[in-house]
Amino acid sequence: GNSVTQMEGPVTLSEEAFLTINCTYTATGYPSLFWYVQYPGEGLQLLLKATKADDKGSNKGFEATYRKETTSFHLEKGSVQVSDSAVYFCALIKAAGNKLTFGGGTRVLVKP
Amino acid sequence: DAGVIQSPRHEVTEMGQEVTLRCKPISGHNSLFWYRQTMMRGLELLIYFNNNVPIDDSGMPEDRFSAKMPNASFSTLKIQPSEPRDSAVYFCASSFGARATGELFFGEGSRLTVL
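Residues numbered from 1 in each chain as written. Chains lettered and ligands numbered in written order. Predicted model: local features only at pLDDT ≥ 70, side-chain atom pairs only at ≥ 80, totals over all residues. Heavy atoms only, no water.

Can you lay out the overall build of chain A for me, pointing to particular residues and giving the numbers?
When you go through chain A residue by residue, the secondary structure sums to 0 helices and 12 strands. Relative to the 2.2 N^0.38 estimate, which gives 13 Å for 112 residues, the radius of gyration of chain A is 13 Å and therefore close to what a compact globule would have. Expressed along its principal axes, the backbone C-alpha trace of chain A runs to roughly 45 × 25 × 20 Å. Residues classed as buried in chain A amount to 44% of the 112 residues present. (Helix = DSSP H or I, 4+ residues; strand = E, 2+ residues; numbered from the N terminus. Rg over C-alpha atoms; globule rule 2.2 N^0.38 Å. Buried < 20%, exposed > 50% of the residue type's maximum accessible area, 1.4 Å probe, protein only.)

And the structure:
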């Protein structure tokens, strides 16, 4: 079956630091890949997506590249802000599928 | 534009009571999803509907849980009787399209505490 594995959190870093959250997946075929973000007390929001190999998704300074050879979709941001403190979820959906498969989430805490 | 609207935002109830959670999806969206979030199990898909029809309810934990979607603008998730292990945040999400794209719009969630 499909699965998504994320690095364990929490990740604590200082403002303006570089952030990387690792995500690897297991799926047959060519899934679409996503990063969702959940701010405290809120529902999840789509942050970025990539639908085919070598695609790069980007939004709000975050980027992730679909690497089929390593089955990975790592999230990066060059300079984080306190407002980026949230839980980040990696997810996939198969091309002919109906359901998103989420990773366990990675909590990020950015300190001033 | 209004997003996905869930109610209540918080519910505290006693074991054995019936709980009903409500969801209004974004107008024009034709798929609706109910998720449960806990620290131990993360995000779990309970059930999803397409064009008001339940497509996959394999995530519904047991017969105490039921979900309905009587029309395109309203869905309920009911737990009867409730148990302490049902304590969680329940999210409703909706999406648009003839096939699943993975782009879901989530509500703010209903936090349920069963004492």
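Back to the text.
Before we move on, could you go through the nonpolar core and cite the residues and values that matter?
By size, the foremost hydrophobic cluster in this structure holds 26 residues, and its most contacted members are W35(A), F73(A), L75(A) and Y88(A). Sorting the residues of this core by element identifies β2 (11–14), β3 (19–21), β4 (23–26), β5 (32–38), β6 (44–50), β8 (62–65), β10 (86–93) and β12 (106–111) of chain A as the ones contributing at least two each. It is β10(A) that provides the largest number of residues to this core, a total of 4 residues. In contact with L75(A), not counting residues within four places along its chain, are L19(A), T20(A), I21(A), W35(A), L47(A), L48(A), F62(A), E63(A), A64(A) and Y88(A). Listed in part, the 21 residues of the second largest apolar core include V4(B), L32(B), W34(B) and L77(B). (Core = buried A, V, L, I, M, F, W, Y, C linked by side-chain atoms within 4.5 Å. Contact = heavy atoms within 4.5 Å.)

Which residues make up the sheet that holds strand β1 (residues 5–7) of chain B, and what are the values?
All names here are of chain B. Taken in spatial order, the 4 strands of this open sheet run β1-β3-β8-β7, and their pairing is antiparallel. Bordering the open sheet on either side are β1 and β7 (65–71), each of which pairs with just one other strand. Averaged over all neighbouring strand pairs, the angle between strand axes comes to 15°, with direction disregarded. (Pairing = 2+ DSSP bridges. Axes fitted to C-alpha atoms, helices over the stretch in contact; angles between N-to-C directions.)

Account for the state of the cysteines, with residues named and values stated.
Residues and elements named next belong to chain B. In this structure the tally under the stated criterion is 2 disulfides over all chains. Here C23 connects covalently by a disulfide to C92, the sulfurs 1.9 Å from one another. Where C23 bonds to C92 through sulfur, the torsion about that S-S bond is close to -70°, and the disulfide is left-handed. With C23 in strand β3 (residues 19–24) and C92 in strand β9 (residues 88–95), the pair connects residues that are 69 residues apart, well separated along the chain. (Disulfide = S-S within 2.5 Å.)

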